[in-house]
Amino acid sequence: MSAKNPEHGSAHEVSLPPEVKLLQEVTPPFFPEGGSGMTILVDWPPGHPGLPPHRHSGPSFGYVMEGALRFELEGEPERVVEAGGTFWEPGGDVIHYQDGNALSDAPTTFVVTMLCAPGQPMLTLVDEEELKERAHLRAPRPSEG
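Residues numbered from 1 in each chain as written. Predicted model: local features only at pLDDT ≥ 70, side-chain atom pairs only at ≥ 80, totals over all residues. Heavy atoms only, no water.

**Points about the nonpolar core**
- Val42, Trp44, Val64, Leu69, Phe71, Leu73, Val81, Phe87, Phe110, Val112 and Met114 form the largest nonpolar core, which has 11 residues in total.
- When contributions to this core are tallied by element, the ones reaching two or more residues are strand 3 (36-44), strand 6 (68-73) and strand 10 (108-116). (Core = buried A, V, L, I, M, F, W, Y, C linked by side-chain atoms within 4.5 Å. Buried < 20%, exposed > 50% of the residue type's maximum accessible area, 1.4 Å probe, protein only. Helix = DSSP H or I, 4+ residues; strand = E, 2+ residues; numbered from the N terminus.)

**Some details on the pattern of salt bridges**
- Scanning the entire structure with this criterion turns up seven salt bridges.
- Residue Asp93 pairs with Arg55 through a salt bridge whose shortest N-O separation is 3.5 Å. A residue pair is termed long-range when its members are at least 10 positions apart, and Asp93 in the loop between strand 8 (86-89) and strand 9 (96-101) and Arg55 in strand 4 (residues 54-55) qualify at 38 residues.
- Close ionic contact of Glu72 with Arg138 constitutes a salt bridge, the shortest N to O distance being 2.8 Å. With a gap of 66 residues between them, Glu72 in strand 6 and Arg138 in the segment after helix 1 (128-133) connect regions that are remote in the sequence.
- In this structure Glu72 comes out as buried when scored by relative accessible area, which is 1%.
- On the basis of relative accessibility, which here comes to 29%, the residue Arg138 falls in the partly exposed class. (Salt bridge = Lys/Arg side-chain N within 4 Å of Asp/Glu carboxyl O.)

**Topic: a negative patch on the surface**
- Residues Asp127, Glu128, Glu129 and Glu133 make up a contiguous surface patch of negative charge.
- Relative to the helices and strands, Glu129 resides in helix 1. (Patch = residues over 30% accessible without salt bridge, like charges linked within 9 Å, V, L, I, M, F, W, Y side chains within 5 Å. Areas by Shrake-Rupley, 256 points an atom, 1.4 Å probe, with all protein chains shown as cover. Lys, Arg positive; Asp, Glu negative; His and termini not counted. Charge placed at Lys NZ, Arg CZ, Asp CG, Glu CD.)

**Observations concerning the side chain of Thr108**
- Considering the arrangement of structural elements, one finds Thr108 in strand 10.
- Judged by relative accessible area, Thr108 falls into the buried class, the value being 0%.
- A distance of 3.0 Å separates the side chain of Thr108 from the backbone nitrogen of Ala68, its partner in a polar contact.
- With residues near it in sequence (within four places) discarded, Thr108 still touches Val42, Asp43, Trp44, Val64, Glu66, Gly67, Ala68, Leu69, Asn101 and Leu103. (Polar contact = N/O pair within 3.5 Å; in protein donor to acceptor, adjacent residues only side chain to side chain. Contact = heavy atoms within 4.5 Å.)

**Focus: the pairing of strand 10**
- Pairing of strand 3 with strand 10 involves nine bridges; the strand directions are antiparallel. Paired with Ile40 across the bridge in strand 10 is Val112.
- Where strand 5 (residues 60-66) and strand 10 come together, six bridges link them in antiparallel fashion. Pairing of Gly62 across the sheet is with Val112, part of strand 10. (Pairing = 2+ DSSP bridges.)

**Section: the confidence of the model for the protein**
- For the protein, the mean per-residue pLDDT works out to 85, and 85% of the residues sit at or above 70.
- Confidence drops under a pLDDT of 50 for residues 1-11, and excluding neighbours within four residues, the segment shows 26 contacts in the predicted structure. (pLDDT = per-residue confidence, 0-100.)

Given below as structure tokens:
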């Protein structure tokens, strides 16, 4: 079995045994020497709003194991990633607006592997003043049409 990267149109082929399925392949931005990585497991109960707007110091790669994740990055429309789906974000200056449970009647569980820039925290909350200054960079909200 071989897998191609349809998201990036890559001709890069990876030989995988039938028991292994390629879920996501992305090219992250350059990552400096001295950075670190971590993998976290998140279990949001039904209707949990997720974290407030924040950013990560490096790229993050995730997989939804159960439920449905409401996911929104600066400049991209809000979307729902269902169980079996993947997501990623570049980190750095990009604001991560939403990572909450899209379901009101069931839990959502996802795993995220994050690369952290040297000497930087994995997550930094974004204050209201910066959200207002960058409002023009946020994609229109579903309720705004």
